Amino acid sequence: MHQSPLAEHVGVEITGVQMSSLEDEALDALKQAVYQNGVAVLRDQELSPEQHIAFAKRWGGIDVNPFFPTNSGWPEIAEVRKAETQRVNIGGGWHTDHSYDEIPAMGSILVARELPPSGGDTLFSSAGAAYDSLSDGLKQTLDTLRAVHSADHIYQPGGFYSKTDQAEELTGQELSTRAVHPVVIRHPVTGRKLLYVNPGFTLHFEGWSREESLPLLAYLYEVASREEFQCRVQWQPGSVAIWDNRATWHLALNDYHGHRRVMHRITLTGDPIAA
Ligand code: SIN
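Bear in mind the structure is a predicted one, so any value in this text is a computation, not a measurement.

Colleague: Looking at this structure, I do not really get the overall build of the protein. What am I missing?
Modeller: Helix and strand content of the protein: six helices and 17 strands. Computed over its C-alpha atoms, the radius of gyration of the protein comes to 18 Å, within 12% of the 19 Å expected for a compact globule of 275 residues. With respect to the principal axes defined by its C-alpha atoms, the protein has extents near 50 × 40 × 30 Å. In the protein, which comprises 275 residues, the share counted as buried stands at 54%. Long-range pairs, those at least 24 residues apart, make up 82% of the contacts in the protein with a sequence separation of at least 6. Charged side chains of the protein number 22 positive and 35 negative; the gap between the two group centres comes to 2 Å.

Shown next, in the form of structure tokens:
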């Protein structure tokens, strides 16, 4: 297995392995690479949907996302898709998946199935590097705070997607989600401190109004989305990205109007979040 960094703070590219026939030792090394780097990109994979599911089960449990259309025949696989005729994509703003769940998903395994001729890259940002860059004073304040997360404003009737051309494809509009997590969490494997708020799903700090929370959240979002903390995944046929939701944010660029992009995503079960 050969590893080369994608950027200074986040992301690693892995070559020389096939996920469909990975030895246990190589799987352990791959897991460590994801935990340490936030996201790993594997190139030239030949992975059928069945092999995708089998690989995810070897990693751990699968969380079925209630909002995305599943790929017919494989309920464990969510399709993240945008048709030639659609303008809005899925995941087009900075977020970390499932932070609205009490036990958020550990991460995702995203397989490129149909790519536009150009564009459609995914950006990742390092929640650890963002936290490290803050002053000791702000770190101490954040260490004491918890934040409320929800996806209701995104998926419920009247929410973000209901006003877009993705509305008809999404499911689960009747669901209500809410979770409270520490603003600074510790990675369960690496022990690294990570900033755990995100623009997609964080509503406000616990005990603070949204109005009071927004200026500080906006500052944290500005820091965490700085280019210096990012890497860019440029998809190719056969590319697979595996990311850690605790350690990263991500954003799917929507710069390929008129072309179709289809990705298969399996969401991996996480551990309880702890400060
Ligand atoms: C997502 O899971 O947010 C989608 C990522 C992508 O399509 O690149």
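Colleague: Before we go on, may I ask you to explain the sheet that holds strand S9 (residues 146–149) in this structure?
Modeller: Sheets are built from strands that pair by backbone hydrogen bonding, the pairs being arranged parallel or antiparallel. One open sheet accounts for three strands, arranged S10-S9-S13; its pairing is antiparallel. Looking at strand neighbours, the two that pair on one side only are strand S10 (179–182) and strand S13 (202–205), the edges of this open sheet. Averaged over all pairs of adjacent strands, the angle between their axes in this sheet comes to 30°, without regard to strand direction. Strand direction decides the pairing type here: S9 and S10, joined by four bridges, are antiparallel. Bridging from a neighbouring strand, Ala 147 pairs with His 181 of S10.

Colleague: Looking at this model, I keep getting lost on the site of the ligand. Mind explaining?
Modeller: Every residue lining the ligand is accounted for by Val 80, Gly 91, His 95, Leu 110, Thr 122, Trp 243, His 250, Ala 252, Arg 261 and Arg 265. Thr 122 is positioned such that a nitrogen or oxygen atom in its side chain is 2.5 Å from an oxygen atom of the ligand. Between an oxygen atom of the ligand and a side-chain N or O atom of Arg 265, the distance comes to 2.7 Å. Compared with its free state, where it exposes 260 Å², the ligand has 100% of that area covered by protein.

Colleague: Whenever I open this one, the sheet that holds strand S16 (residues 248–252) confuses me. Can you help?
Modeller: With antiparallel pairing, the three strands of this open sheet are ordered in space as S14-S8-S16. What marks the edges here is a single partner per strand, and that holds for strand S14 (230–233) and S16. In this sheet, adjacent strand axes meet at a mean angle of 20° when their direction is disregarded. Here strand S8 (residues 122–126) pairs with S16 via five bridges, running antiparallel. In the sheet register, Ser 126 faces S16, and the bridge partner there is Thr 248.

Colleague: Looking at this structure, I do not really get the packing of aromatic side chains. What am I missing?
Modeller: Each aromatic ring pair is specified by the distance between its two centres and by the angle formed by the two planes. On inspection of all chains with the given rule, the structure shows 11 aromatic pairs. Here the aromatic rings of Phe 160 and Tyr 161 are separated by 4.9 Å at their centres, their planes lie at 75°, and the arrangement is edge-to-face. By relative accessible area, which is 44% here, Phe 160 ends up partly exposed. The ring centre of Tyr 256 lies 4.4 Å from the NZ or CZ of Lys 82, which sits over that ring. In this arrangement the basic side chain of Lys 139 is found over the ring face of Tyr 131, its NZ or CZ atom lying 5.5 Å from the centre.

Colleague: In this structure, what is going on with the layout of surface pockets? I would like to understand it.
Modeller: Once rolled over the atoms, a probe with the size of a water molecule shows which space is left empty. By volume, the largest pocket is sized at about 370 Å³. Looking at the largest pocket, it is lined by 29 residues, and the ones nearest its centre are Ile 90, Gly 91, Gly 92, His 95 and Tyr 161. Put simply, the parts of the chain that give the lining of the largest pocket at least two residues each are helix H5 (152–155), S16 and strand S17 (261–268). The element that contributes the greatest number of residues to the lining of the largest pocket is S17, accounting for three residues. Taken together, the residues that form the lining of the largest pocket break down as 16 nonpolar, 10 polar and three charged.

Colleague: I keep staring at the packing of helix H1 (residues 24–37) against helix H2 (residues 49–59) and nothing clicks. Help me out?
Modeller: Axes are the key here: two packed helices are described by the angle between their axes and the distance separating the axes. Orientation of H1 relative to H2, taken along the N-to-C sense of each, is 80°, at an axis distance of 11 Å. What the angle tells us is that H1 and H2 run roughly perpendicular. Here H1 contributes Asp 24, Leu 27, Leu 30, Lys 31, Val 34 and Tyr 35 to the contact with H2, which in turn contributes Phe 55, Arg 58 and Trp 59. Of the residues belonging to the contact of H1 with H2, the class tally is six nonpolar, no polar and three charged.

Colleague: Just checking my understanding: could you explain the side chain of Asp 121 for this structure?
Modeller: With respect to the element layout, Asp 121 can be found in the loop between strand S7 (107–114) and S8. Of the residues examined, Asp 121 reaches a relative accessible area of 8% and is grouped as buried. At a separation of 2.6 Å, a polar atom in the side chain of Asp 121 contacts the side chain of Arg 232. Residues within four places of Asp 121 in sequence aside, it is in contact with Arg 232, Val 233, Gln 234, Trp 235, Leu 251, Ala 252 and Leu 253.

Thresholds, definitions, all that
- Residues numbered from 1 in each chain as written.
- Predicted model: local features only at pLDDT ≥ 70, side-chain atom pairs only at ≥ 80, totals over all residues.
- Heavy atoms only, no water.
- Helix = DSSP H or I, 4+ residues; strand = E, 2+ residues; numbered from the N terminus.
- Rg over C-alpha atoms; globule rule 2.2 N^0.38 Å.
- Buried < 20%, exposed > 50% of the residue type's maximum accessible area, 1.4 Å probe, protein only.
- Contact = heavy atoms within 4.5 Å.
- Lys, Arg positive; Asp, Glu negative; His and termini not counted.
- Charge placed at Lys NZ, Arg CZ, Asp CG, Glu CD.
- Pairing = 2+ DSSP bridges.
- Axes fitted to C-alpha atoms, helices over the stretch in contact; angles between N-to-C directions.
- Near = heavy atom within 4 Å.
- Polar contact = N/O pair within 3.5 Å; in protein donor to acceptor, adjacent residues only side chain to side chain.
- Areas by Shrake-Rupley, 256 points an atom, 1.4 Å probe, with all protein chains shown as cover.
- Phe/Tyr/Trp six-rings, centres within 6.5 Å; stacked < 30°, edge-to-face > 60°.
- Lys NZ or Arg CZ within 6 Å of the ring centre and 35° of its normal.
- 1 Å grid on protein atoms, 1.4 Å probe; cavity = no way out; pocket = protein on both sides within 12 Å on 5 of 7 lines; lining within 4 Å.
- Points joined across faces, edges and corners; volume = space filled by probe spheres on them.
- Nonpolar A, V, L, I, M, F, W, Y, C, P; charged D, E, K, R; others polar.
- Parallel < 35°, antiparallel > 145°, perpendicular 65-115°, else oblique.

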